[in-house]
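# Examining the three-dimensional arrangement
Each chain is listed here by its residues.
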Amino acid sequence: MTFYIVITVISAVALTADMILRYMENMRSFGMDEPLHNIKGKIIPVEEFLPNDLTMLCVSALTLGVVGIILKLFDINGLVAFPCALLSGSLMNFLIVHFIKPYIGKASHKALTKDIDISGEKAVCTEKIEKDGYGKIKLIYKERDYYFDAVSANETDIHKGERVYILYHEDNVCSVEKETEIISDEYFKN
């Protein structure tokens with residue numbers, strides 16, 4: 001029980017400090033810009049269940065602690081309680097990525113509507129796009145930042161910080177090409 005209480009208190013304090021820094025100093029995840037991992041599952045998107053930044057790590061740890069305390073209050077064995085609490089932290093991460101973040105984005109009008117065409121817009125690569133995988137880009141559109149998953153249209157590696165053009169986007173995935181290797185308009189006519 002003490003383990004879960006310690007985890008809950010530490011993660012609650014860290015999450016509160018992160019929120020204060022986020023809204024007072026405009027600093028995300030204690031200033032750590034790099035993701036905690038770069039796992040890209042081929043069939044099962046493993047990264048959706050694992051926390052990818054310090055904020056999500058705090059939320060997962062807080063969930064683990066609270067569920068662990070609840071299970072211990074019901075006298076559940078520790079060999080069952082810990083895996084269940086760990087699983088609940090992963091499920092919370094999944095729920096936040098797929099349901100809570102998109103809802104908040106739509107509620108605050110941060111999500112682009114489908115009728116807005118961003119083809120031809122310039123963006124910046126924020127996570128390396130490998131030739132056979134995907135990465136992330138940041139688009140500044142009407143003075144707002146939008147983040148998208150991206151694939152390389154020319155199947156070339158695009159490194160973090162490189163400027164890209166968005167060829168098209170569907171849902172939350174963009175097809176992009178480096179600013180230095182613009183393909184001709186004849187490519188689109190065929």
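Look up a bit, the structure's there.
Within every chain, residues take consecutive numbers counted from 1 along the sequence as written. Only residues with pLDDT of 70 or above have their local features reported here, since the model is predicted, and side-chain atom pairs are shown and tallied only from 80 upward, although totals for entire chains, interfaces and linings are computed over all residues. Heavy atoms from the whole structure form the basis of all side-chain values; hydrogens and water molecules are not counted.

### Section: the nonpolar core
Throughout this description, the term nonpolar core refers to a set of buried Ala, Val, Leu, Ile, Met, Phe, Trp, Tyr and Cys residues connected via side-chain atoms within 4.5 Å. Type-normalised accessible area, obtained with a 1.4 Å probe on protein chains alone, sets the label of each residue: buried when under 20%, exposed when over 50%, and partly exposed for intermediate values. Counting residues in each nonpolar core, the largest one holds 15 residues, and the members touching the most others are Ile 137, Ile 166 and Val 176. Strands here are runs of E lasting at least two residues and helices are runs of H or I lasting at least four, both read from the DSSP assignment and numbered beginning at the N terminus. Contributions of two or more residues to this core are made by strand S1 (122-127), strand S2 (134-141), strand S3 (144-152), strand S4 (163-170) and strand S5 (173-178). What makes two residues a contact is simply this: any of their non-hydrogen atoms within 4.5 Å. Discounting residues that sit within four places of it in the chain, Val 176 has contacts with Ile 129, Ile 137, Ala 150, Val 151, Ser 152, Ala 153, Ile 158, Val 164, Tyr 165, Ile 166 and Leu 167.

### Focus: unusual backbone geometry
One non-glycine residue, Asp 75, lies in positive phi territory at about 60°. By the element assignment, Asp 75 lies in the loop between helix H2 (54-73) and helix H3 (78-107). Phi at Glu 155 is positive, roughly 55°, even though this residue is not glycine. Turning to its location among the elements, Glu 155 is positioned in the loop between S3 and S4. Owing to a relative accessible area of 57%, Glu 155 belongs among the exposed residues under this scheme.

### Considering the packing of aromatic side chains
Any two of the Phe, Tyr and Trp rings considered here, Trp counted by its six-membered ring, make a pair once their centres fall within 6.5 Å; the pair's planes then place it as stacked at under 30 degrees, edge-to-face at over 60, or tilted in between. Enumeration according to the criterion identifies two aromatic pairs in this entry. Ring pairing ties together the aromatic residues Phe 3, Tyr 4 and Phe 82, which thus form one cluster.

### Brief notes about the pairing of S4
Pairing between strands requires that DSSP locate at least two bridges from one strand to the other. One ladder, built from three bridges, connects S1 with S4; its direction is antiparallel. Within S4, the position partnered with Ala 123 by the bridge is Val 164. Relative to S5, S4 runs antiparallel, the two being bridged by six bridges. If you follow Glu 170 over to S5, its bridge partner there is Val 173. In this structure, the hairpin formed by S4 and S5 is closed by a connection of two residues, where Asp 171 is found at a positive phi of approximately 55°.

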